[in-house]
Amino acid sequence: MTRTLHAALMPFPSPQGTQGAVGAMVRSLRDRGDDVALFVHPHGDGTACDLPLVRSPRATFGSSLRSGPTLGRAALDALAIPSLARASKDAVLFAHNVEAATAARLIRAPYAFVAHTLMSRELPYYARRGAAVLSGLGDALDHLAASRADVVTAISPKLVQDLEARFAREVTYLPLPWRP
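Residues numbered from 1 in each chain as written. Predicted model: local features only at pLDDT ≥ 70, side-chain atom pairs only at ≥ 80, totals over all residues. Heavy atoms only, no water.

1. Quick word on the pattern of salt bridges
Line of reasoning, step 1. Scanning the model with the defined rule gives eight salt bridges in all.
Line of reasoning, step 2. Between Arg-121 and Asp-162 there is a salt bridge, and its shortest N-O distance comes to 2.6 Å. Of the two residues, Arg-121 is situated in helix α4 (residues 119–122) and Asp-162 in helix α6 (residues 157–167); the sequence distance between them amounts to 41 residues.
Line of reasoning, step 3. You can call Asp-162 buried: its relative accessible area is 12%. (Salt bridge = Lys/Arg side-chain N within 4 Å of Asp/Glu carboxyl O. Helix = DSSP H or I, 4+ residues; strand = E, 2+ residues; numbered from the N terminus. Buried < 20%, exposed > 50% of the residue type's maximum accessible area, 1.4 Å probe, protein only.)

This is the structure we're talking about:
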């Protein structure tokens, strides 16, 4: 059986939407008997977690659960790269969002990019000024994540359409396996 690693460079568990979506995917794969693990940052909200986790190294910074980019989170992402390289060896790697896809590129691992958002649209919401600059930066991050991915997937049909139009490549819809 092939081992699968879902990389999501974020705190986990956490009550936020992306964490819930990624958790639902990994839980569904585990429940059907797949050899799967989830690579995440070294901290979460402190609640119990039933998923097989691989955590990046602990640090004294970047432990906020707040959404959005921070210098601490970027430093945690960089600190995670060697651990991700070890954890992804001999595994099929699914890189969730641009942070994990960038890390996958840096370790030169083949990966499937799982888009949960377009950073070109999301980044401007995190600042009061400079929306155009942040949109351009987000677009560059989106391109970086998608351009070297073996497969690009997205969690909504609209995001599939947007990514296909933006990058002129096939994007696969990856529906979330929510439990009722």
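2. Brief notes about the side chain of Ser-14
Line of reasoning, step 1. Mapped onto the elements, Ser-14 comes out in the loop between β1 (3–7) and α1 (17–31).
Line of reasoning, step 2. Relative accessible area serves as the criterion here: at 10%, Ser-14 is assigned to the buried category.
Line of reasoning, step 3. In this structure the side chain of Ser-14 is engaged in a polar contact, spanning 2.8 Å, whose partner is the side chain of Gln-16.
Line of reasoning, step 4. In this view, Ser-14 contacts Gln-19, Asp-45 and Leu-65; residues no more than four positions away in its chain are not counted. (Polar contact = N/O pair within 3.5 Å; in protein donor to acceptor, adjacent residues only side chain to side chain. Contact = heavy atoms within 4.5 Å.)

3. Observations regarding unusual backbone geometry
Residues other than glycine predominantly adopt negative phi, and peptide bonds predominantly adopt the trans conformation.
Line of reasoning, step 1. Residues Phe-12 and Pro-13 are joined by a peptide bond in cis, for which omega reads -5°.
Line of reasoning, step 2. Structurally, Pro-13 is set in the loop between β1 and α1.
Line of reasoning, step 3. A positive phi is found at Asp-90, a non-glycine position, where the angle reads about 60°.
Line of reasoning, step 4. Assignment of secondary structure puts Asp-90 in the loop between α2 (71–87) and β4 (91–96).

4. What to know about α6
Each full turn of the α-helix corresponds to 3.6 residues, which orients residues three or four apart in the same direction.
Line of reasoning, step 1. Listing the buried residues of α6 in full gives Leu-159, Val-160, Asp-162, Leu-163 and Phe-167. Angularly, the buried residues of α6 cover 170° about the axis, an arc narrow enough to put them on a single face. In this structure, α6 carries Gln-161 and Ala-165 as exposed residues pointing more than 90 degrees from its buried face.
Line of reasoning, step 2. Where the residues of α6 are buried, they touch β5 (112–115), α4, α5 (131–147), β6 (151–154) and β7 (172–173).
Line of reasoning, step 3. Of the residues one or two after α6, Ala-168 is the one with positive phi, at around 50°. (Arc of directions from axis to C-beta.)

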